[in-house]
Amino acid sequence: MADIDALTSSAYSQALEVIASVEPRIAEATRQELADQRGSLKLIASENYASPAVLLTMGTWFSDKYAEGTVGHRFYAGCQNVDTVEALAAEHARELFGAEYAYVQPHSGIDANLVAFWSILAHRVEGPWLEKAGKKNVNDLTDDDWEALRRELGNQRLLGMSLDTGGHLTHGFRPNISGKMFHQQQYGTDPETGLLDYDALAAKAREFKPLVLVAGYSAYPRRVNFAKMREIADEVGATLMVDMAHFAGLVAGKVFTGDEDPIPHAHVVTTTTHKSLRGPRGGMVLATEEYAPSVDRGCPMVLGGPLSHVMAAKAVAFAEARQPAFRTYAQQVADNAQSLAAGLQSRGTNLVTDGTDNHIVLLDVSSYGLTGRQAESALLEAGIVTNRNSVPADANGAWYTSGIRVGTPALTTRGFGHDEFDNVAELIVQVLQNTEAGTTKAGTPSKASFVLAEGVADKVKDASAEMLDKHPLYPGLDLA
Ligand code: PLP
């Protein structure tokens, strides 16, 4: 990451003084967050560090502007500058991903998925239904018509990857709205290898005949063949929706190309903008021309006013991702995941799918006699920030889990390379080897409490500090 110059540094200092003059505790928490992020090994696979340009773009008066509608077609006056911002963000997105259409209004990944679901329902179900009924739009419907259409919309099928094999809760998980608004079924991975089994998936799709086939993941450490996914979708007449929230940076950086690039194969692609893509917190939907008109109705279908300041920051982040340096970064993210996985395996750690070929490494910590919850807490005590995660058919359930998910996007942004990630693997293993499962107050085995051997946390923190000091976060940023 480029050095922050004195001017930018003083801009941040002054901003914090302004904030402190109103609510000093928020200014203090903001300073502390920087100190914490600077001082720990951030291995959360869904996090990154956005550039100062992206962060600064979010802190402006665009936050104050309402702009429901679309570019040039707003329900509020005075949106000419928001139009500039939204049009630019969409143009950068189309160019970056080679997409026919980009919708940059969703506030988050979940919003982007909701926009996508309703766009698919509007395109595939509502449109044809209205045409058959000879009506122009839903406002022309009688109450009886409306009842019938609602039944039709609420009677559709979705097939997505199960949460415990790496899917996201918006891919049809029952407690999520996606698992309630659709009749859902889930596909998983091969119990032996942990890898996607496309033949089993195709058989399930033939039997279930979903309207929507969702591909994409939050915790699957492998690449997906989207050409195969499209073949399956076409065979059963499904719309292929790919949620690339996690790996959008690897698509933008041309690490995933051909069959592994979702854009040429999917009808609709959703993403977050803040994970491997390294932009502001937010979401986006990319689509083919065919689906564009229904996605464009994200507001008022699902969304209200867009976050104009965040759309501006998306434009800045996409402009950054179009620079050649981003391709180098994305390749390094994937290379570093290989180094981390090899380092963990050579020190005796079991990995789901026996490795990785994206940015995620999923450790099965049960061989250390620990739950994911115990391992996550012990690692945090040693300054290593991860999250616990289910492994396929997890004996400890979704709360305690048996896995730890780690990822390379954030520390790669700081400049970590092969040697550092090998060292990170060593530190993780030191913590896991020196942690024991604890007991409850009543003396029975606990899935949460743990005992980390004395001195290990300090030793690991010292070793981390050496690497972190060599690769400072926001170098030059001095909050006087
Ligand atoms: N989709 C996937 C695959 C994700 O991993 C996530 C976030 O973890 C989301 C969607 C939701 O993103 P957000 O937290 O921005 O709503």
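Treat the numbers as computed from the prediction; the structure is a model and nothing was measured.

Engineer: Sorry if this is basic, but what is going on with the domain arrangement of the chain here?
Structural biologist: Buried accessible area, meaning the area lost when the parts come together, often serves as the stated size of an interface. In terms of domains, the chain is made up of domain 1 (62-321) and domain 2 (324-470). For domain 1 and domain 2, the distance between their C-alpha centres works out to 31 Å. Counting residues at the interface gives 27 residues for domain 1, matched by 26 residues for domain 2. When the two sides are added together, the surface that domain 1 and domain 2 hide from each other amounts to roughly 2,100 Å², 58% of it contributed by carbon and sulfur. Residue Asp357 is joined to Arg222 by a salt bridge in which the shortest nitrogen-to-oxygen separation is 3.5 Å. Contributions of two or more residues to the side of domain 1 that touches domain 2 are made by helix H10 (248-252) and helix H13 (308-321).

Engineer: Got a minute to help me understand the site of the ligand in this structure?
Structural biologist: All residues in the neighbourhood of the ligand are listed as Ser108, Gly109, Ile110, His168, Tyr217, Ser218, Asp243, Ala245, His246, Thr272, His274 and Lys275. Ile110 is positioned such that a nitrogen or oxygen atom in its backbone is 2.9 Å from an oxygen atom of the ligand. Interatomic distance of 2.9 Å between a side-chain N/O atom of Lys275 and an oxygen atom of the ligand. In the complex, the protein chains occlude 83% of the 390 Å² of accessible area that the ligand would expose alone.

Engineer: Explain empty space enclosed by the protein to me, please; I cannot follow it from the model alone.
Structural biologist: If you roll a probe as big as a water molecule over the atoms, it shows you where there is empty space left. For the structure shown, the criterion picks out one cavity of 30 Å³ or more. In this structure, the largest cavity is lined by Asp164, Thr165, Gly166, Gly194, Ala219, Tyr220, Pro221, Val352, Leu362 and Pro392. Looking at the lining of the largest cavity, its residues break down into six nonpolar, three polar and one charged.

Engineer: Teacher, can you tell me more about the sheet that holds strand E4 (residues 101-103) here?
Structural biologist: Across a sheet, strands are paired by hydrogen bonds formed along the backbone, either parallel or antiparallel in direction. Across the sheet, seven strands lie side by side as E4-E10-E9-E8-E7-E5-E6; this open sheet has mixed pairing. Each end of this open sheet is capped by a strand with a single partner; those strands are E4 and strand E6 (183-187). Pairs of neighbouring strands in the sheet enclose a mean axial angle of 20 degrees, with direction left out of account. Relative to strand E10 (residues 283-287), strand E9 (residues 268-272) runs antiparallel, the two sharing five bridges. Across the sheet, Thr271 pairs through a bridge with Met284, a residue of E10. Along the sheet, helix H8 (residues 198-208) makes contact with strand E5 (157-161), E6 and strand E7 (212-216), crossing E6 at roughly 165 degrees.

Engineer: When you look at the nonpolar core in this model, what are you seeing that I'm missing?
Structural biologist: In a soluble, globular protein the nonpolar side chains are often hidden away together inside. With 60 residues, the main nonpolar core has Phe97, Leu213, Met229, Met244 and Leu286 as its most contacted residues. A total of seven residues in this core trace back to one element, the largest contributor, which is helix H4 (residues 80-97). Residue-level mapping places this core at the junction of two domains, with at least three residues from each of domain 1 (62-321) and domain 2 (324-470). Contacts of Leu213, omitting those with residues within four sequence positions, involve Leu159, Tyr187, Leu201, Met229, Ile232, Ala233, Ala238, Thr239, Leu240 and Met241. Core analysis: the second largest hydrophobic core is formed by 34 residues, Leu363, Val365, Phe421 and Ile428 among them.

Engineer: I tried to follow the sheet that holds strand E14 (residues 387-389) on my own but got confused; where do I start?
Structural biologist: Spatial strand order, E11-E12-E15-E14: four strands in an open sheet with antiparallel pairing. Only two strands of the sheet have a single partner each, and these edge strands are strand E11 (350-351) and E14. Where E11 lies against strand E12 (residues 360-364), two bridges are found, and the strand directions are antiparallel. If you follow Asn350 over to E12, its bridge partner there is Asp364. Against the sheet, helix H15 (residues 372-381) engages E14 and strand E15 (403-407), with an angle of about 45 degrees to E15.

Engineer: Please explain the side chain of Thr57 as it appears in this structure.
Structural biologist: Among the structural elements, Thr57 can be located in helix H3 (residues 52-58). A polar atom in the side chain of Thr57 sits 2.5 Å from the backbone oxygen of Ala53.

Engineer: When you look at a negative patch on the surface in this model, what are you seeing that I'm missing?
Structural biologist: A surface patch of negative charge is lined by Asp458, Asp462, Glu466 and Asp469. Positionally, Asp462 belongs in helix H19 (residues 456-470).

Engineer: What should I look at first to understand the pattern of salt bridges in this one?
Structural biologist: Any two side chains of opposite charge can pair if their charged atoms end up close together. As enumerated under the stated definition, the model contains 15 salt bridges in all. With a shortest N-O distance of 2.8 Å, Glu86 and Arg74 are connected by a salt bridge. Of this pair, Glu86 sits in helix H4 while Arg74 sits in strand E3 (residues 73-74); the two residues are twelve residues apart in sequence, bridging distant segments of the chain. Each member of the pair, Glu86 as well as Arg74, is classed as buried. Of the charged contacts, one joins Arg347 and Glu426 as a salt bridge, the two residues approaching to 2.6 Å between their closest N and O atoms. One end of the pair, Arg347, is in the loop between helix H14 (324-346) and E11; the other, Glu426, is in helix H18 (residues 418-433), with 79 residues separating them in the sequence. The class for Arg347 is partly exposed, based on a relative accessible area of 24%.

The rules behind each value
Residues numbered from 1 in each chain as written. Predicted model: local features only at pLDDT ≥ 70, side-chain atom pairs only at ≥ 80, totals over all residues. Heavy atoms only, no water. Domains from an automatic or database assignment. Contact = heavy atoms within 4.5 Å. Buried area = accessible area lost by both parts, 1.4 Å probe. Salt bridge = Lys/Arg side-chain N within 4 Å of Asp/Glu carboxyl O. Helix = DSSP H or I, 4+ residues; strand = E, 2+ residues; numbered from the N terminus. Near = heavy atom within 4 Å. Polar contact = N/O pair within 3.5 Å; in protein donor to acceptor, adjacent residues only side chain to side chain. Areas by Shrake-Rupley, 256 points an atom, 1.4 Å probe, with all protein chains shown as cover. 1 Å grid on protein atoms, 1.4 Å probe; cavity = no way out; pocket = protein on both sides within 12 Å on 5 of 7 lines; lining within 4 Å. Points joined across faces, edges and corners; volume = space filled by probe spheres on them. Nonpolar A, V, L, I, M, F, W, Y, C, P; charged D, E, K, R; others polar. Pairing = 2+ DSSP bridges. Axes fitted to C-alpha atoms, helices over the stretch in contact; angles between N-to-C directions. Core = buried A, V, L, I, M, F, W, Y, C linked by side-chain atoms within 4.5 Å. Buried < 20%, exposed > 50% of the residue type's maximum accessible area, 1.4 Å probe, protein only. Patch = residues over 30% accessible without salt bridge, like charges linked within 9 Å, V, L, I, M, F, W, Y side chains within 5 Å. Lys, Arg positive; Asp, Glu negative; His and termini not counted. Charge placed at Lys NZ, Arg CZ, Asp CG, Glu CD.

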